[in-house]
Amino acid sequence: MIRFHILGAGGAVPTPTHNPAAYWVTVDGQSILMDPGPGALVRLVQSGQAPRGVDDIETVLFTHLHPDHCADLVPLLFALHSPVPKRTDPIKLFGPPGLASYLEKLKDIYGTWIEPRQRKLEVTEIGPGVTLPLAGGGSARPFKVDHNQDRLARFSLGYHFSDAAGHTAVFSGDTGPCAELNKAATGADLLVVECSMPDHLATAGHMTVSQVGELCARAKPAKVALTHQYPPAAALDLAALVGEFFDGPVHQAIDGSVFFVPEDKNR
Ligand SMILES: [Zn+2]
């Protein structure tokens, strides 16, 4: 079973309903914090999904290193430097090439204040072709996407999650239309896809409403959740607009939206 909790359904510009990127993905009982953007820790704890706070975080995945996807790494590590957390097993960070040097630069600024006191910090740079096994028998597989070409984003990733029973959820990360996303999304049980802007505000490295619609029409995921909505997109009825291209279920996420694979009618 996959539970996909959207803690932040917005992009870089926060609104009351659409804060920057943050996701809590649970695959067969193992939870992952994906893209800890600004405010991610607060929203995770407020969600009730992490009753032990930072002690509930074992694995952090990054799609890329733009601030709206990773700014809460410093608050997370600073919290782990405090003597309060009790967990002692390693905290594991996975992300694209550049993650380790990004962390080294943060250490130049913050020094030992961002060294976890009780836990070893394991940093692993990953890319397409890698499979991360998850404790319950599922996996997370990164795939290349087509975002910006700056040093924080040129190796941007999306993630393909599978549970032990073979159910799948695909997260686009930040990207424009690309073959790798088409492939990953094809036949997915859940596609969580960025829908940054309306067509008339098309921005390089991001998806417009029509581009999301065309992706869904081709890939035919069983269910679609739209995320990373900047305010001009969030103000629209995105589900209806994408629905003009695709007749499957489309949901316009807000902060706190939760999606299950498979669907459980009793939940
Ligand atoms: Zn970005």
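Residues numbered from 1 in each chain as written. Predicted model: local features only at pLDDT ≥ 70, side-chain atom pairs only at ≥ 80, totals over all residues. Heavy atoms only, no water.

Caption draft 1: Highlighting helix α3 (residues 73–81). Restricting attention to buried positions, one finds in α3 the residues Leu73, Val74, Leu76, Leu77, Leu80 and His81. Angular distribution of buried residues about the axis of α3 spans 160°; they occupy a single face of the element. (Buried < 20%, exposed > 50% of the residue type's maximum accessible area, 1.4 Å probe, protein only. Helix = DSSP H or I, 4+ residues; strand = E, 2+ residues; numbered from the N terminus. Arc of directions from axis to C-beta.)

Caption draft 2: Layout of the pattern of salt bridges. Evaluated as defined, the whole model comprises six salt bridges. Between Glu104 and Lys107 there is a salt bridge whose closest N-O contact spans 3.6 Å. Within this pair, Glu104 and its partner Lys107 are both found in helix α4 (residues 99–110), separated by three residues, close to a single helical turn. Look at Glu104 and you get partly exposed, because its relative accessible area is 44%. (Salt bridge = Lys/Arg side-chain N within 4 Å of Asp/Glu carboxyl O.)

Caption draft 3: Representation of the environment of Asp68 in the model. Positionally, Asp68 belongs in helix α2 (residues 67–70). Using a relative accessible area of 8% as the deciding quantity, one classes Asp68 as buried. Residues Asp68 and Ala22 lie 46 residues apart in sequence; the distance between their C-alpha atoms is 8.8 Å. Not counting chain neighbours up to four residues away, the residues in contact with Asp68 comprise Gly11, Ala12, Pro20, Ala21, Gly37, Pro38, His228 and Tyr230. Within the structure, the side chain of Asp68 is placed 3.3 Å from the side chain of His228, a separation counted as a polar contact. (Contact = heavy atoms within 4.5 Å. Polar contact = N/O pair within 3.5 Å; in protein donor to acceptor, adjacent residues only side chain to side chain.)

Caption draft 4: Examining the layout of surface pockets more closely. Taken as a whole, the largest pocket holds about 210 Å³ of empty space. Forming the walls of the largest pocket are Pro128, Gly129, Val130, Arg141, Pro142, Phe143, Lys144, His160, Glu180, Lys183 and Ala184. For the lining of the largest pocket, the secondary structure elements donating two or more residues are β8 (139–144) and α5 (179–185). Considering each element in turn, the lining of the largest pocket owes the most residues, four residues, to β8. Lining the second largest pocket, in full, are Leu65, Pro97, Gly98, Ser101, Tyr102, Lys105, Arg151, Leu152, Arg154 and Phe155. Its residues placed into classes, the lining of the second largest pocket shows five nonpolar, two polar and three charged. (1 Å grid on protein atoms, 1.4 Å probe; cavity = no way out; pocket = protein on both sides within 12 Å on 5 of 7 lines; lining within 4 Å. Points joined across faces, edges and corners; volume = space filled by probe spheres on them. Nonpolar A, V, L, I, M, F, W, Y, C, P; charged D, E, K, R; others polar.)

Caption draft 5: Broad picture of the sheet that holds β8. Strand order in the open sheet formed by seven strands is β7-β8-β9-β10-β11-β12-β13, with mixed pairing between adjacent strands. If you trace the sheet from one side to the other, it starts and ends with β7 (132–133) and β13 (250–252), each paired once. Sheet analysis places β7 next to β8, joined by two bridges and oriented antiparallel. Its bridge partner being in β8, Leu132 is matched across the sheet by Ala140. Contacting β11 (190–194) and β12 (224–227), helix α6 (residues 209–219) crosses the sheet at an angle of about 160° to β11. (Pairing = 2+ DSSP bridges. Axes fitted to C-alpha atoms, helices over the stretch in contact; angles between N-to-C directions.)

Caption draft 6: Here's a closer look at the coordination of the zinc ion. On the protein side, the zinc ion has His64 (NE2), His66 (ND1), His147 (NE2) and Asp174 (OD) as donor atoms, found 2.2 to 2.5 Å from it. Considering all four donor atoms around the zinc ion, the spread of angles at the metal, 90 to 175°, places the coordination shape in the irregular class. (Donors = N, O, S within 2.8 Å, 3.2 Å for Na, K, Ca; no water. Tetrahedral: all angles 85-135°; square planar, octahedral: opposite > 155°, others 65-115°.)

Caption draft 7: Region of the structure containing the sheet that holds strand β3 (residues 30–34). In space, the seven strands of this open sheet follow the order β6-β5-β4-β3-β2-β1-β14, with mixed pairing throughout. Whereas interior strands pair on both sides, the edge strands pair on one side only; in this sheet they are β6 (121–125) and β14 (258–261). With direction set aside, neighbouring strand axes in the sheet form an average angle of 20°. Of the strand pairs in this sheet, strand β4 (residues 59–61) and strand β5 (residues 91–95) are connected by three bridges, and their pairing is parallel. Looking at the pairing, Val60 lines up with Leu93 of β5. Helix α1 (residues 40–47) contacts β1 (2–8) and β2 (22–27) of the sheet and is inclined by roughly 125° relative to β1. On the sheet, α4 packs against β5 and β6 and is oriented at approximately 140° with respect to β6.

Caption draft 8: The side chain of Arg87, seen in detail. Checked against the element boundaries, Arg87 lands in the loop between α3 and β5. A polar contact is formed between the side chain of Arg87 and the backbone oxygen of Asp55, at a distance of 2.8 Å. Side chain to side chain, Arg87 and Asp89 meet in a polar contact 2.7 Å long. Residues in contact with Arg87, not counting those within four places in the same chain, are Arg52, Asp55, Asp56, Ile57, Glu58, Gln118 and Arg119.

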